[in-house]
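Remarks on the overall topology
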Amino acid sequence: MGPMAPPRPTLYRDAALADMAGPSVRKGVSVLVTDRRIAWVRPTSDEPTLAPNIRVIDAGGSTIVPGMVDCHSHLTLPGGSHWIDRGADPPEELLEVAEHNGDLLSRAGVRWARDVGSPLAPDPRDGRRRALALRVRERWRSDPSRPRVRVAGTWISHSGVITGGLLIEADDGPALLRAASTQLDDGADFLKLYLDGPKKEEEAPWSTEDVRAVVDLAHRRGAKVTAHSGFLVGSRVGIDAGVDSIEHGFELDSDAVATMARQGTFLVSTLAIFRSWASFAQTTTLPRFVSDEGKERIALRRERAIESARLAHRAGVKIATGTDFGGGSLRANHLAWEVESLVEAGLSPAEALTSATIRGGELLGEAEAGQLVEGGPADFFLVHGDPLTDPTALWRVWRVAWLPE
Ligand SMILES: [Zn+2]
């Protein structure tokens, strides 16, 4: 059977179910999948008579979890301790990296990836330079076993921030607006602004008015705008300009989170970055991770970032979440690490899993993403343990319903 042939109807029998509809898992549940959709969800004690062609999987001892949504990913980049250098690798290699990342995502139970930036590379169709992840999106569109992706195009940044010429630079309002328009013309699903400027701790790269003009343009064209922000000054400009989400938000204060909650601005947390960097003190020789000074700097930023997420959560900000794999040092199969980090920041395990599923779908504007409902897509995976009380259960993936066997 080829990968595109419709799979046999499949019954998952006697699993626990973590669909976030209640405070705890439902035990003794059977789920029937036909044509890649959930035909029904019932108590195992109340299964109807099954057609003879149905394949039965004994799911006893496992928990069914909705496919997760990695809201901060970089599909074309590999991550690791040299993650920045890898951005300059040849486009053909980065496209192979994306295929590997696609496998890693699925095997880790991640159904959706929101790509928040990829390098510009010549498009073989017309030689024009476009964000590489747009090509990955086209490749994967017709393959139901590949991650479902939405793509921001490339990063739009002030000059003097990120080297290598892999992104679009804009130093004033008109240039910013032109850059935004180009990305949308190229087919970006949303826009990614880099709100850390050359003096990132002291001033934002653009004015609130300049950023608001981009938000207005994008919204008129049916697209959202998100903003990378590691520091408070940049976050303030993004929030006041009405961006739809703040990525990282490592330095939010109580004013910022109050405004975000009131406006419905999402926070996309990426706290596991700091756990990853801390691990490099043991596994690399790079001074920024190994030296006492480096370790102290990372520990301080980590504390501040956790405090930001805690403030946002308490204020009622909608929190989606992601690994930053590729654009940071995590790998594509590490979203469980981020769910653990959100629990450390004060979310309950169920709230943290909601961030990694339903909330991510909300930010994408995709009604079916992160959901597990009768009639919906069979986008779920099975783990051992109860992720509504223990986020580490998400590491123990047994099966993935959308992958061919
Ligand atoms: Zn990133």
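The structure contained in this document is the topic of the report that follows.

Conventions and cut-offs
Residues numbered from 1 in each chain as written. Predicted model: local features only at pLDDT ≥ 70, side-chain atom pairs only at ≥ 80, totals over all residues. Heavy atoms only, no water. Phe/Tyr/Trp six-rings, centres within 6.5 Å; stacked < 30°, edge-to-face > 60°. Helix = DSSP H or I, 4+ residues; strand = E, 2+ residues; numbered from the N terminus. Buried < 20%, exposed > 50% of the residue type's maximum accessible area, 1.4 Å probe, protein only. Lys NZ or Arg CZ within 6 Å of the ring centre and 35° of its normal. 1 Å grid on protein atoms, 1.4 Å probe; cavity = no way out; pocket = protein on both sides within 12 Å on 5 of 7 lines; lining within 4 Å. Points joined across faces, edges and corners; volume = space filled by probe spheres on them. Nonpolar A, V, L, I, M, F, W, Y, C, P; charged D, E, K, R; others polar. Contact = heavy atoms within 4.5 Å. Right-handed = clockwise from strand over helix to strand, strands pointing away. Pairing = 2+ DSSP bridges. Arc of directions from axis to C-beta.

1. Re the packing of aromatic side chains
For the coordinates displayed, the defined rule picks out 6 aromatic pairs. Ring centres 5.9 Å apart and planes at 15° place the aromatic pair Trp83 and Trp277 in the stacked group. Highlighted residues: Trp83 in helix α1 (residues 83-86) and Trp277 in helix α8 (residues 272-283), separated in sequence by 194 residues. With a centroid separation of 6.3 Å and 45° between ring planes, the pair formed by Trp277 and Phe289 is classed as tilted. Residue Trp277 is found in helix α8, and its partner Phe289 is found in helix α9 (residues 287-290); the two are separated by 12 residues along the sequence. Assigned by exposure class, Trp277 and Phe289 land together as buried. In textbook terms, an aromatic cluster arises when at least three aromatic residues are bridged by ring pairs, as seen for Trp83, Phe250, Phe274, Trp277, Phe280 and Phe289. It is Arg42 that lies over the ring of Trp40; its NZ or CZ is 5.0 Å from the centre. Residue placement shows Arg288 over the ring face of Trp277; its charged tip is 5.4 Å from the ring centre.

2. Quick notes on empty space enclosed by the protein
One pass over the full model with this rule turns up 1 cavity of 30 Å³ or more. Together, Ala121, Asp123, Arg130, Ala131, Leu132, Leu134 and Arg135 line the largest cavity. Listing elements by their share of the lining of the largest cavity, those giving two or more residues are β9 (129-131) and α3 (132-140). For the lining of the largest cavity, the element with the most residues is α3, which contributes 3 residues. Considering only residue class, the lining of the largest cavity consists of 4 nonpolar, no polar and 3 charged.

3. Examining α3
Counting buried positions along α3 gives 7 out of 9 residues, so the element sits mostly inside the fold. Taken residue by residue, α3 has Leu132, Ala133, Leu134, Arg135, Val136, Arg137 and Trp140 as its buried positions. Considering only its buried residues, α3 is in contact with α2 (91-107), β7 (110-115), β8 (120-122), β9, β10 (148-151) and α4 (173-186).

4. Quick look at the pairing of strand β13 (residues 190-194)
The element β13 is largely enclosed, with a buried count of 5 among its 5 residues. In β13, alternate side chains face the same way, and those of Phe190, Lys192 and Tyr194 on one face and Leu191 and Leu193 on the other are all buried. In this region the chain leaves β13, passes through helix α5 (residues 208-220) and returns to the parallel neighbour strand β14 (residues 224-229); the handedness of that crossover is right-handed.

5. Considerations on the pairing of β7
Burial runs high along β7: 6 of the 6 residues are buried. Alignment of strand β6 (residues 68-73) against β7, held across 4 bridges, turns out to be parallel. Directly across from Asp70, in β7, lies its bridge partner Ala113. Sheet topology note: the β7/β10 ladder contains 4 bridges and is parallel. Among the inter-strand pairings, Asp115 is bridged to a residue of β10, identified as Val151.

6. Some thoughts on helix α7 (residues 254-263)
Taken as a whole, α7 has its buried residues at Ala256, Val257, Thr259 and Met260. Viewed end-on, α7 has its buried residues packed into an arc of 160°, placing them on one side of the element. Those residues of α7 that are exposed and aimed more than 90 degrees away from the buried face are Asp255 and Arg262. Turning to α7, the residues buried within the fold contact α6 (232-241), β15 (245-248), β16 (266-269) and α10 (292-315). Positive backbone phi, approximately 85°, marks Gly264, located one or two places after α7.

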